[in-house]
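Here is what each chain is made of, one letter per residue.
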Amino acid sequence: MLMQFITKESCLILAVTPANTDLANSDALKIAKEVDPQGVRTIGVITKLDLMDEGTDAKDILENKLLPLRRGYIGVVNRSQKDIDGKKDIRAALAAERKFFLSHPAYRHMAERMGTPHLQKALNQQLTNHIRDTLPGLRSKLQSQLLSLEKEVEEYKNFRPDDPTRKTKALLQMVQQFGVDFEKCIEGSGDQVETNELSGGAKINRIFHERFPFELVKIVFDEKELRREISHAIKNVHGVRTGLFTPDLAFEAIVKKQIVKLKTPCLKCIDLVIQELINTVRQCTNKLASYPRLREETERIVTTHIREREGKSKDQVLLLIDIELSYINTNHEDFIGFAKYVPLLPPLFPIQLTVIRKGWLTINISIMKGGSKEYWFVLTAESLSWYKDEEEKEKKYMLPLDNLKIRDVEKGFMSTKHIFAIFNTEQRNVYKDLRQIELACDSQEDVDSWKASFLRAGVYPEKDQVENEEAAPADTFSMDPQLERQVETIRNLVDSYIGIINKSIRDLVPKTIMHLMINSSKDFIHSELLAYLYSCGDQNSLMEESADQAQRRDEMLRMYHALKEALNIIGDISANTISTPVPPPVNDTWIQEASPTPQRRPPPAAAPPPSRPPAVRGPTPGPPMNPAPAFGAPLNPSPAFGAPPIPSRPGQPINAFNSHQDPFSAPPQIPSRPARVPPGVPSRRPPGAPSHRPTIIRPAEPSLLD
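As named in an unreviewed UniProt entry, the protein chain is Dynamin-2, taken from Sphaeramia orbicularis. Turning to the protein chain, the UniProt record has this under Catalytic activity (unreviewed entry): "GTP + H2O = GDP + phosphate + H(+)".

Dropping the structure here:
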């Protein structure tokens, strides 16, 4: 129980030892030495100074000359049992203690440093020193807590439950902050950057530049179906006649049909953007969680406005498609035209010789062929290469992009990765003996991003065949050479013109969505949201706090004010208190090294020593008092280790004590209570003088027991 307290660095240890016991073997000092080896927290206290033998004192110990401690010793004289029984009060006891130190010749010169009042003063000073030493760390901790609370308390400073003016101001500030947060999520900001996931404007940007282009290309490139439609259009334009030239009407019919197919990906793009906008609104209203009604109304009003703008945005995008259908501009500068026709056209996206994308992908291979492995892939405009690691020193394989296409692969039952495949349209092996290689990513977003990168490199997705070869009309594949040339011509012209339309749509649709939906929503939040909130109900109901939030606000404000008050108190303590320096170290190895000299107990046959109460003083028969023991002897041996009677032997007896002792006198008796001679304090009694005290055997002198 004692150790759990004194092991703490903030605990001050009082090592109390009676003056009539062996100080070198004090258990209090030994335990204090274990937990406080430097002696910084230990103060020695010597009691029962008034019960020491006459002519002896503890002057050297109290002056810290003998058996020193780093913080020294303080002597006290407490009430005896007789004083307690006699109802002696504390004031009289303190006065008696003061009188004892002033009247004692050994202590009068240091009476001001002795006694219970001085011990109280010393303890108070040590407490003051400890407080001053711990104040800097405590102040820093409180200041850091105060700074962390100030950001949260700032939200509550402008709100008081009973003040309508404060409610209005808080409402204005929260709506304004909501608009700022929404704009930051959309436009991006550098002060609070989310590092865990994409949010807001970043996801919308990904929709514009990865998902939307991929959907456009996937719909347009359906080679077999397109050629069949071109063949039918040419034959229908010619009717019963055999055409000599490639008809313009067939080209326009095919182009318009391809343009109409662009409506689906454009509307899907709008739906994706709307979903991200609604998610962003919900994310920004998290700061309004303390006012559930306000949060609910804000989400409802803004979401309703976004849904209203959805209809206008879709109408505008469909209008863009109708505008493209209204006039086929064959004089466009990027259109190859009939005169400029070449059999082989460049891909939809311009070929780039630089690296398009790098990243980790997993090649799915059956366990029989080695199992799945992860490689570092590098995609350029001409090839797909993979390496062992990011350093790109050990190349595993390089796959040319000629005649390659992409197809989706369903995820396995136990697989957590998302998979897509690359295959050769000419039914050739792509890698080793594999007709296709399956590449796996950790998320669907990574798959979409890689597909968009392959589009830039000219590798397009495979279109699912609606009609198989058996169901196809026979005349689709049994074309005469002239019709085949016309189909090839229109096919390349359609490819060129659709490339122009795609480029225009990829540019105009994001701009339309930005103008009619995103920017409109930002303007609505900044200019009209507050008016809608005022019109939807009572202001008091809007600004009604939740019970949890009210409790949290009160606790936060209480903690904030308590920290400020604590810092003010600490400042006063630092300015109004005086500290004392720590005393220099002393040589206190005696606490560990000193030990009592072992002595034998009396034999069982020896007569029992006389005993009497320790408080009774009276003459005790025995030999005369010895000179003072040598330095290092115990302050007073414990009664349990007293000297046994010296047996007599025939012949000349050996005097083990001094020359004045009668050899035929009675053997020395065991002391009835501890002697009160401190170590190193010589006795003032002459060697030959009689003594009423028991003789103490010095351990350093030879005796019959040795």
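K.L.:
In this structure, what is going on with the overall build of the protein chain? I would like to understand it.
P.N.:
Across its full length, the protein chain holds 19 helices and 11 strands. For the protein chain, buried positions account for 39% of its 706 residues. By sequence separation, contacts in the protein chain at least 24 residues apart represent 75% of the contacts at least 6 residues apart. Total accessible area computed for the protein chain in this model is approximately 40500 Å², and 54% of it derives from carbon and sulfur atoms.

K.L.:
Sorry if this is basic, but what is going on with the packing of aromatic side chains here?
P.N.:
To describe a pair of aromatic rings, one takes the distance between the centres and the angle between the planes. Within this structure, the stated rule accounts for 14 aromatic pairs. Ring centres 5.7 Å apart and planes at 40° place the aromatic pair Phe251 and Phe335 in the tilted group. Here Phe251, found in helix α10 (residues 248-260), pairs with Phe335, found in the loop between α12 (292-326) and β4 (355-364); they are 84 residues apart in sequence, far enough to count as distant. Each member of the pair, Phe251 as well as Phe335, is classed as buried.

K.L.:
In this structure, what is going on with the nonpolar core? I would like to understand it.
P.N.:
Membership of the largest hydrophobic core comes to 63 residues, with the highest contact counts inside it found for Phe251, Ile259, Val273, Leu277 and Ile505. Of all the secondary-structure elements, those providing two or more residues to this core are α7 (164-187), α8 (201-220), α9 (223-238), α10, α11 (263-284), α12, α15 (481-527) and α16 (529-535). For this core, the element with the highest residue contribution is α15, accounting for 16 residues. Not counting the four nearest positions on each side in its chain, Phe251 is found in contact with Ile328, Thr330, Phe335, Ile490, Leu493, Val494 and Tyr497.

K.L.:
What's the story with the packing of α10 against α12 in this structure? I'm lost.
P.N.:
Each pair of packed helices can be summarised by the angle the axes make with each other and by the distance between the axes. The geometry of α10 relative to α12 is characterised by a closest axis approach of 10 Å and an angle of 175° between their N-to-C directions. As the angle between them shows, α10 and α12 are arranged roughly antiparallel. When α10 is examined against α12, the residues Lys256, Ile259 and Val260 are found in contact with a partner set consisting of Ile321, Glu324 and Leu325. For the contact of α10 with α12, the class distribution of residues is four nonpolar, no polar and two charged.

K.L.:
What is the right way to read the pattern of salt bridges from this model?
P.N.:
Between side chains of opposite charge, a pair can form when the charged atoms approach closely. The full count for this structure, using the stated rule, is 23 salt bridges. In this structure, Asp271 and Lys314 form a salt bridge, with 2.9 Å as the shortest nitrogen-oxygen distance. Linking Asp271 in helix α11 with Lys314 in helix α12, this pair joins segments that are 43 residues apart in sequence. Given the relative accessible area of 36%, Asp271 is considered partly exposed. Here Arg293 ties to Glu297 by a salt bridge, and the two come within 3.5 Å at their closest N and O atoms. With a gap of four residues between them, Arg293 and Glu297 both fall in helix α12, about one helical turn apart.

K.L.:
Can you help me understand the sheet that holds strand β6 (residues 383-387) in this one?
P.N.:
Paired through backbone hydrogen bonds, the strands of a sheet run either parallel or antiparallel to each other. In spatial order, the strands read β7-β6-β5-β4-β10-β9-β8-β11; together these eight strands make up an open sheet with mixed pairing. A single partner strand is all that each edge strand has here, and the edge strands are β7 (395-400) and β11 (460-461). Relative to strand β10 (residues 436-441), β4 is paired through three bridges, and the arrangement is antiparallel. Each residue of the ladder has a partner; that of Thr362, found in β10, is Ala440. On the sheet, helix α13 (residues 444-456) packs against β4, β5 (373-380), β6, β8 (404-409), β9 (418-424), β10 and β11 and is oriented at approximately 130° with respect to β4.

K.L.:
Teacher, can you tell me more about the sheet that holds strand β2 (residues 42-47) here?
P.N.:
Strand order in the open sheet made by the three strands is β1-β2-β3, with parallel pairing throughout. Where the open sheet ends on each side, the last strands, each with one partner, are β1 (13-18) and β3 (73-75). Within this sheet the neighbouring strands show an average axis-to-axis angle of 25°, counted without direction. The pairing of β2 with β3 spans three bridges and is parallel. Residue Gly44 lies in a different strand from β3, and its bridge partner there is Tyr73. Lying on the sheet, helix α2 (residues 27-35) is in contact with β1, β2 and β3; it crosses β1 at an angle near 160°.

K.L.:
Sorry, what's going on with the environment of Val302 here?
P.N.:
Inspection of the secondary structure puts Val302 in helix α12. Look at Val302 and you get buried, because its relative accessible area is 1%. Ignoring any residue separated from it by four or fewer positions in sequence, one finds Val302 in contact with Phe178, Val281, Phe524, Ile525 and Leu529.

K.L.:
I tried to follow the side chain of Arg70 on my own but got confused; where do I start?
P.N.:
Examined against the element boundaries, Arg70 turns out to sit in the loop between α3 (59-62) and β3. Although Arg70 lies buried, it forms no salt bridge, and the closest oppositely charged side chain, Asp36, sits 7.1 Å away as judged by the N-O distance. A distance of 2.7 Å separates a polar side-chain atom of Arg70 from the backbone oxygen of Pro583. With residues up to four places along the chain from it excluded, the contact list for Arg70 reads Gln38, Gly39, Val40, Val582, Pro583, Pro584, Pro585 and Val586.

K.L.:
When you look at the pairing of β6 in this model, what are you seeing that I'm missing?
P.N.:
Walk down a regular strand and you will see the side chains alternate between the two sheet faces. The element β6 is largely enclosed, with a buried count of five among its five residues. Along β6, one buried face is formed by Ser383, Ser385 and Tyr387 and the opposite face, lined by Leu384 and Trp386, is buried too. Bridging between β5 and β6 involves four bridges; their strand directions are antiparallel. Note that in β6 the partner of Leu379 across the bridge is Leu384. Hairpin remark: β5 followed by β6, antiparallel, with two residues in the connecting loop. With five bridges connecting them, β6 and β7 associate as antiparallel partners. Bridging from a neighbouring strand, Ser385 pairs with Met398 of β7.

Conventions used here
- Residues take numbers from 1 onward in each chain, read along the sequence in its written order.
- It should be noted that, the model being predicted, local features are given only for residues of pLDDT at least 70 and side-chain atom pairs only at 80 or more, the latter also being counted only at that level, while totals for whole chains, interfaces and linings use all residues.
- To get the side-chain values, take all heavy atoms of the structure and skip hydrogens and water.
- UniProt positions are given in the numbering used here, feature names are shortened, and annotations may be inferred rather than shown by experiment.
- Strands are runs of DSSP state E lasting at least 2 residues, helices are runs of H or I lasting at least 4, and numbering of each runs from the N terminus.
- Only protein chains enter the area calculation, which uses a 1.4 Å probe; residues under 20% of their type maximum are buried, those over 50% are exposed, and those in between are partly exposed.
- In this analysis, two residues are considered to be in contact whenever any of their non-hydrogen atoms come within 4.5 Å of each other.
- Under the convention used here, a 1.4 Å probe and the Shrake-Rupley method define accessible areas, while residue burial counts only the protein chains that appear.
- Stacked, edge-to-face and tilted are the three classes for Phe, Tyr and Trp ring pairs, Trp counted by its six-membered ring, which pair at centre distances within 6.5 Å; planes under 30 degrees apart are stacked, over 60 edge-to-face, the rest tilted.
- By convention a nonpolar core is built from buried Ala, Val, Leu, Ile, Met, Phe, Trp, Tyr and Cys residues, the set being connected through side-chain atoms within 4.5 Å.
- For helices, the axis comes from a line fit to the C-alpha atoms of the stretch in contact; other axes are also lines fit to C-alpha atoms, and the angle between any two N-to-C directions lies between 0 and 180 degrees.
- Roughly parallel refers to an angle under 35 degrees, roughly antiparallel to one over 145, roughly perpendicular to one between 65 and 115, and oblique to any angle outside these ranges.
- Under the convention adopted here, Pro, Cys and the residues Ala, Val, Leu, Ile, Met, Phe, Trp and Tyr are nonpolar, Asp, Glu, Lys and Arg are charged, and Gly plus all remaining residues are polar.
- Each salt bridge in this description consists of a side-chain nitrogen of Lys or Arg and a carboxyl oxygen of Asp or Glu lying within 4 Å of one another.
- DSSP calls a pair of strands paired once it identifies at least 2 bridges connecting them.
- The charge count includes Lys and Arg as positive and Asp and Glu as negative, but it does not include His or the ends of the chains.
- Polar contacts, as used here, are pairs of N or O atoms within 3.5 Å; protein pairs need one atom able to donate a hydrogen and one able to accept it. Residues neighboring in sequence count only if both atoms are side-chain atoms.

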